[in-house]
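# Summary of structural features
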Amino acid sequence: MIIDAHTHLLPEEVADHRAPFARRDAAFRLLYEDVQARLAKVEDLLKTMDRDGVNQAVICGFPWQDPALCRVGNDFLWECSVRYPGRLLPFASLSPRSLRAGEKELERCLNRGFIGIGELAFYQGALADRDIFRLTSLLKPLSGKGVPVLLHVNEPVGHEYPGKIKGSLHATYQLLQTLPEVTFIFAHWGGGFFFYELMREVADAAARVYYDTAASPFLYRPSIYSLALRIIGPQRILFGSDYPLIPPQRYFREMAEVPLPARVQTRIKGLNAQSLFAQKPGSGLVRKDQV
Ligand SMILES: [Zn+2]
């Protein structure tokens, strides 16, 4: 079973006419105003999955500032997952701008059957304490539920690109400390966060953290796989392509070139994700007053 744990799909209206949405949302403008930045249709994703031998894919939208756009995007992801049963696993986007709307949307989506949250992201400026506070209150009801939260984390050094912010790693650690019972997937190898799991207290705080490989070929040499395996072992690494940014086969080529042992590849390409998603109790959300 091969599972791509990180892809993006936006409603066709957005994919076909991105300009009005770029005017409405500054982060979307930053990432997608350039028409070279790819947006995919669900049929394209499925075709790529079939070609590259991917059985299932987590589908994420975009973390719009406007809660109404998150809602429309989530409805679209849900429809896709229903249209292609067993192939697409929807994660819900939430706007951290409005806590009340975010909480409502979280509850609505989990009750509907979404299996995770994300990709949540801050693509602009520096992460303020206020942002951490909001995220903490929004995600607290997920404590102990095993519902994974996919969080965009970028590396603190290296080349610049749209959406790369400063202070990402520090904020990530703060979140782990304030939400010790929430399961996270840190995207993009957690911006290198796993390296700090060599520190005992960070390893303890990160016990529920998974790392995905999204955008790895654009960021790191393939030896990052061996390094991550030495530090955190094979169980918390998830293959994620960030499709349509990079197709799955490019990751598979890198894993074969490293080379990674077949049993490790099996884990990274699907087994780890399979057991992570199986942890989900599937009984909807426990309300805040119950936790
Ligand atoms: Zn990301």
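Residues numbered from 1 in each chain as written. Predicted model: local features only at pLDDT ≥ 70, side-chain atom pairs only at ≥ 80, totals over all residues. Heavy atoms only, no water.

The set of residues buried in helix α11 (residues 224-232) consists of Ile224, Tyr225, Ala228, Leu229 and Ile232. For α11, the arc enclosing every buried residue in end-on projection is 135 degrees, short of the 170-degree limit, so these residues lie on one face. Buried-residue contacts for α11 involve β7 (209-212), α10 (216-219), β8 (237-238), α12 (248-257) and α13 (262-278). With its phi angle positive at about 80 degrees, glycine 233 sits one or two positions after the end of α11. (Buried < 20%, exposed > 50% of the residue type's maximum accessible area, 1.4 Å probe, protein only. Helix = DSSP H or I, 4+ residues; strand = E, 2+ residues; numbered from the N terminus. Arc of directions from axis to C-beta. Contact = heavy atoms within 4.5 Å.)

A separate point is the nonpolar core. Ranked by size, the top nonpolar core spans 63 residues in total, and within it Leu9, Leu88, Ile117, Leu142, Phe184, Phe186 and Tyr211 carry the most contacts. When residues of this core are assigned to their parent elements, the largest contribution, five residues, is made by α11. Excluding residues that lie within four positions of it along the chain, leucine 88 makes contacts with Val42, Leu45, Leu46, Met49, Ala57, Ile59, Cys80 and Ser81. Listed in part, the 16 residues of the second largest apolar core include Ala22, Ala27, Leu31 and Tyr123. (Core = buried A, V, L, I, M, F, W, Y, C linked by side-chain atoms within 4.5 Å.)

Moving on, we get to the side chain of threonine 136. Examined against the element boundaries, threonine 136 turns out to sit in helix α7 (residues 129-139). Every residue in contact with threonine 136, bar those within four places of it in the chain, is listed here: Leu175, Thr178 and Leu179.

Taken together, Glu119 (OE), His152 (ND1) and His188 (NE2) make up the full set of protein donors to the zinc ion, lying 1.9 to 2.2 Å away. Read in sequence order, the donor residues coordinating the zinc ion give the pattern E-x32-H-x35-H. On the criterion of sequence distance, the pair formed by glutamate 119 in strand β4 (residues 116-120) and histidine 152 in the loop between β5 (149-151) and α8 (168-178) is long-range, its members being 33 residues apart. Taking the relative accessible area as the measure of exposure, histidine 152 reaches 12% and is therefore buried. (Donors = N, O, S within 2.8 Å, 3.2 Å for Na, K, Ca; no water.)

A few words now on the sheet that holds strand β3 (residues 88-92). Strand order in this open sheet of eight strands is β1-β2-β3-β4-β5-β6-β7-β8, and the pairing throughout is parallel. Each edge of the sheet is formed by a strand with only one pairing partner; in this case those strands are β1 (3-8) and β8. Alignment of β1 against strand β2 (residues 56-60), held across four bridges, turns out to be parallel. Residue aspartate 4 lies in a different strand from β2, and its bridge partner there is alanine 57. Taken strand by strand, helix α5 (residues 67-83) contacts β2 and β3, and its axis lies near 165 degrees from that of β3. (Pairing = 2+ DSSP bridges. Axes fitted to C-alpha atoms, helices over the stretch in contact; angles between N-to-C directions.)

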